[in-house]
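Chains, contacts and geometry: an overview
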Amino acid sequence: MALRIVDVLVPVALDHAYSYRVPDELALAAGDVVSVPLGPREAIGVVWDCDVAVRPGLHNRLKDVEAKLDFPRLKPELRQFIDWVSNYTLSPRGMVLRMALRMGELGPERDRVAVRLSGNAPTRMTAARRRVLDVLADGLMRSKPEVAKDAGVSVGVVDGLVDDGALETVALPSQTVARPPNPDHRTADFTPAQRMAANILRNAVTQGGFAVDLLDGVTGSGKTEVYFEAVAETIRKGRQSLILMPEIALTGQFLDRFAARFGTRPAEWHSELSPRKRARTFAAVSAGDVSVVVGARSALFLPYADLGLIVVDEEHDAVYKQEDGVHYHARDMAVVRARIADIPIVLASATPSIETVVNARRGRYRRLALNQRFGGQKEPAIEAIDLRREGPPRTRFIAPRLAEAVNLALERGEQALLFLNRRGYAPLTLCRACGFRLNCPNCDAWLVDHRFKRALVCHHCGYTKPPPPKCPKCEAPDSFVACGPGVERLEEEVQVLFPNKRVLVLSSDLIASLERMREEFKSIEQGEIDIVIGTQLVAKGHHFPKLNLVGVVDADLGLGSGDPRATERTFQLLHQVIGRAGRDKGHSVGYLQTHQPEHPVMKALIAQDRKAFYDSEIEAREKAHYPPFGRLASLLVTGPEKGATEGYARRLAAVAPIDEQVRVLGPAEAPLAVLRGRHRFRLMVKSARNFDLSAYLREWAAAAPKKAGGIKLDVDVDPQSFL
Ligand code: ADP
Ligand code: ZN
């Protein structure tokens, strides 16, 4: 038999596939998952290329493919997607493959076993054994942990009884990940505008093929109900749908709404899944046993058996950008995957990103508008509270007019939400006697006072220490004072202003798990809370029937950060959070406490003029050649020593290829100059819109001087973070 060679891509930080010899008895095709020797180890990899020419002299040194693994073949669509993402983001192909393979989740599922009485008496009886037998006396089977818990004993006691022959084990059938959703379980009565949008989306699925629809609808207009019709049509065609969501929006409420529409909950994919559930979901998705996946951004890389539709909900959300490892933007890459798979994609948002709006205005995306809330509910009226004229008393943060409005809402038996996008008690802590500020030993950042946890915490690296009893500098005892508000400090003020009200603080650091968070949201929904104090955790996606008042404590917080998207982000966040109000009732109001009521963002919000905001922001971007009118990339150089780090950044800048379509700015010290003990210098690259920035960067990287002394270079195409 002729010598056969394949190229196998392994999920490690390598761009190139390795060649292996195929043993005679093995039949391999591109996409097959195989095990191969890699140095001294054995690795799992994927056959990337089957027709590899035999180069003279090479074949003798090649190792053999060890085995073909029992796993569905990676489809060409997914392999092409991996190549594309790698090429675009400049991440090694192996690292992108790694996201799709999720090595820990490959492999057979461990059997789940239960125990029940065998009918034999144990050879030895103890009080603990007695309790186990009592629990199982009904003859039914239960899992070992369940028995142990009910009997108040350790699992070891149960195991002992199994070894002793008094209990027998029974293998449980493997659980299904999700039951098949029924596309006709309950259909909605649509308004004419909703029906039109739903029909267009349904047709896009029926016709098949790549098409991007922007579902641009105000908060509460029924976007979810509308895109569910596209999902229903995809189910009817027997294909799979992926609904991407910001992780935080994956609430029980959403899953329940899905169940109300389709008769069962969808499969979930996010970081909180147990390893077992991940493994099962992964297997079911690749086998085609799951027809709808609702997931966070990493769900984009799952090996779907037959993906037919992608929906990106809250498409503007910044969490779609992965900031570590492979720097990819899940919304943008979702459009790429849809194009490669030749399937429709829906981008939904009440505040679409500037990029997406420009694509719609250029006619590349179809825009479906829902301009009214469902049920005739009006959007909240928005008023500014000018902190320069009617601010709160010193060391207080709630202006009298806002407090008054909260009181009125509570009197009517409604809820109020106070929004402050700052975790902890106070953003800054300083010594009253000498002005000393507590900062992080690893980062160029202040420590944030978290009173609830009795700790000072760095929000960048997680460094935590107990509050010092005296100032480390001047040794004054108990001299530290809090400056500025965090949600915990706001809670203190709320307790004083509104005594005996049920107050809930929602902040990511106070919540132990996604399950716990879902319970807290439920308690708000059910009216068990009067005043909610929250960070951006509460801003998105939720529907709280009794909430008609939102007060934004510091509307200016996100502005002036030097981030080119600061204005857009602030508009989106404030619009979304105020959009939580009045979804069930006619009257609702949002208050913006601000020092700059004349800022275009505040003016557009108050006038309820989204178009004015988009027009002015798009014009500003165009003038500055910022995305999407130009392209950006960031080259971040980090290292343990400041001088060496800056020196490397300068040498890197010196070898930048010359191109008239490109401007290289910097290096400059990053705003967050030190992070986790590493100094940070950044180069920004600006190019024309249609320029192949990835190719330019690759050429540059090839010419980059050798890195030494722990220096690292991190390339980020289309950066979202400029810290
Ligand atoms: P959005 O996603 O645009 O914020 P939702 O899809 O959450 O809006 O809809 C807001 C509320 O209105 C939800 O409670 C939803 O169930 C309800 N709703 C929207 N459209 C309809 C409809 N056609 N029939 C019944 N209820 C609807
Ligand atoms: Zn730190």
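The following paragraphs examine the structure supplied in this document. (Residues numbered from 1 in each chain as written. Chains lettered and ligands numbered in written order. Predicted model: local features only at pLDDT ≥ 70, side-chain atom pairs only at ≥ 80, totals over all residues. Heavy atoms only, no water.)

Brief notes about the site of ligand 1
Filter applied, for reference: A cutoff of 4 Å decides nearness: a residue is near a molecule or strand if any of its heavy atoms lies inside that distance of it. For the purposes of these results, a polar contact is taken to be a pair of N or O atoms within 3.5 Å, where, inside protein, one atom must be able to donate a hydrogen and its partner to accept one; residues adjacent in sequence count only when each atom of the pair is a side-chain atom. Under the scheme applied here, ten amino acids are nonpolar (Ala, Val, Leu, Ile, Met, Phe, Trp, Tyr, Cys and Pro), four are charged (Asp, Glu, Lys and Arg), and all others, including Gly, are polar.
Close to ligand 1 lie 15 residues; D189, Q194, G220, K223 and R257 are nearest. With respect to ligand 1, the backbone of G220 contributes an N or O atom lying 2.8 Å from an oxygen atom. Interatomic distance of 3.2 Å between a backbone N/O atom of S221 and an oxygen atom of ligand 1. Considered class by class, the residues forming the shell around ligand 1 number three nonpolar, seven polar and five charged.

Details of the state of the cysteines
Two cysteines whose sulfur atoms are joined by a covalent bond form what is called a disulfide. Selection criterion: In this description, the term disulfide denotes a pair of cysteine sulfurs within 2.5 Å. Between buried and exposed lies partly exposed: a residue is buried under 20% and exposed over 50% of the maximum accessible area for its type, with that area taken using a 1.4 Å probe on protein chains only.
Under the counting rule described, the total for this entry stands at zero disulfides. Between C474, a cysteine without a disulfide, and C431, which holds the nearest cysteine sulfur, the sulfur-to-sulfur distance is 3.7 Å. Owing to a relative accessible area of 32%, C474 belongs among the partly exposed residues under this scheme.

Concerning the pairing of strand β13 (residues 307-313)
In the case of a regular strand, side chains alternate between the two sheet surfaces. The following threshold applies: Numbering of helices and strands runs from the N terminus; a helix is a DSSP stretch of H or I covering at least four residues, while a strand is a stretch of E covering at least two. Pairing between two strands requires that DSSP report at least two bridges joining them. Whether a crossover is right-handed comes down to one check: with the strands pointing away from the viewer, does the path from the first strand over the helix to the second run clockwise; if it does, it is right-handed.
The buried count for β13 comes to seven of seven residues, which makes it a mostly enclosed element. As judged from the five bridges shared by strand β10 (residues 240-244) and β13, these two strands associate in the parallel manner. By the bridge assignment for β13, L242 is matched with I310. Bridge count between β13 and strand β14 (residues 344-349): four bridges; the pairing is parallel. Across the sheet, I310 pairs through a bridge with I345, a residue of β14. In this fold, β13 hands off to helix α10 (residues 330-341), which returns the chain to β14; that crossover is right-handed.

As for the coordination of the zinc ion (ligand 2)
Threshold: In this description, a donor is an N, O or S atom within 2.8 Å of the metal centre, a cutoff extended to 3.2 Å for sodium, potassium and calcium. Water is not part of the atom list, which can make sites seem incomplete. When four donors show all angles between 85 and 135 degrees the site is tetrahedral, when four or six donors have opposite pairs over 155 degrees and all other angles between 65 and 115 it is square planar or octahedral respectively, and in every other case it is irregular.
Protein coordination of the zinc ion (ligand 2) is provided by C440 (SG), C443 (SG), C458 (SG) and C461 (SG), with donor distances spanning 2.2 to 2.4 Å. Coordination geometry of the zinc ion (ligand 2): the four donor atoms subtend angles of 105 to 113° at the metal centre, consistent with an arrangement described as tetrahedral. Within one chain, the residues serving as donors to the zinc ion (ligand 2) are arranged as C-x2-C-x14-C-x2-C. Taken as a pair, C443 in the loop between β18 (428-431) and β19 (448-450) and C461 in the loop between β20 (455-457) and β21 (464-465) lie far apart in primary sequence, 18 residues in all. The residues C443 and C461 share a single accessibility class, namely buried.

Examining the packing of helix α3 (residues 127-135) against helix α5 (residues 155-163)
Short version of the rule: Note on definitions: angles span 0 to 180 degrees between N-to-C directions of axes, and those axes are lines fitted to C-alpha atoms, for helices only across the stretch in contact. Just so you know how the angles are binned, under 35 degrees is roughly parallel, over 145 roughly antiparallel, 65 to 115 roughly perpendicular, and the rest oblique. When checking whether two residues touch, look at their non-hydrogen atoms; a contact exists if any pair is within 4.5 Å.
Put simply, α3 and α5 touch, their axes get as near as 10 Å, and they point 80° apart. The orientation of α3 with respect to α5, classified from their angle, is roughly perpendicular. Touching A128, R129, V132 and L133 of α3 are V157, V158, G160 and L161, all from α5. Here the residues of the contact of α3 with α5 sort into six nonpolar, one polar and one charged.

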